[in-house]
Structures are given as structure tokens and as C-alpha cells.
Amino acid sequence: RYVVSGTVEFSPYDFVRLRLNGSEELLVNGTQSTQVFTEVVPFQFLTTVPYGGSYLVEVIDTPALYIICTVTSGSGTMPAGAVTNVVVTCENFG
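Residues numbered from 1 in each chain as written. Predicted model: local features only at pLDDT ≥ 70, side-chain atom pairs only at ≥ 80, totals over all residues. Heavy atoms only, no water.

1. Concerning unusual backbone geometry
Defined as follows: Secondary structure elements are defined from DSSP: runs of H or I of at least 4 residues count as helices, runs of E of at least 2 residues count as strands, and each element is numbered from the N terminus. To sort residues, take the accessible area from a 1.4 Å probe on protein chains only and compare it with the maximum for the residue type: under 20% means buried, over 50% means exposed, and anything in between is partly exposed.
Located in the positive-phi region is Asn 21, a residue other than glycine, with phi close to 50 degrees. Turning to its location among the elements, Asn 21 is positioned in the loop between β2 (15–20) and β3 (24–29). Take Asn 21: its relative accessible area is 35%, and that puts it in the partly exposed class. One non-glycine residue, Ser 73, adopts positive backbone phi at about 60 degrees. For Ser 73, a relative accessible area of 33% gives the class partly exposed.

The following block contains the structure:
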């Protein structure tokens, strides 16, 4: 069994709630730094996925409707090792 992890790229004051395989939810918060316009925050789910099992990372909540997030490498079949390359990118269209 292996973990699923990656990074979230967003504005410092934002947050995003992720879900793995329809069950575990994970809240990822920005640092609220005024020194940067975009930050990259790592995340890792606690739930593990068996070798050969399916994984799906979804964005289920953002702080506002005008923040749109896309997930890259967020689904697939679990290899013989951890998945560490999931990237969630959020843009503010407000």
C-alpha cells in the first residue's frame, strides 16, 4: 500500500479541500504571507492505496466560486511505489 501526495499552487490567503477516492478529505491552507503572489504547498493523504488499485484526487471546496482549480496527474492505477506528482493549480478569476 502506498501514499498519494503532491502540491497545491494557489494564492497565499486561499485554501482548498481535496478528496481521495471519494472518502478521505484533506484541507490545504495557504500561509497567509503577504510576501508572495503564488505559493506551493505540499500535501499527503493518510489513506494508502494498494498496488494496482485506482486513485482519484478531487477538489471539493475552495473559498469562492471564482477560484477554479485543476488537478494534474490526479488519477490512475497505483504503481509499485508512492504517487508524489499530483499537482493542484488554483486560479482566482474574481
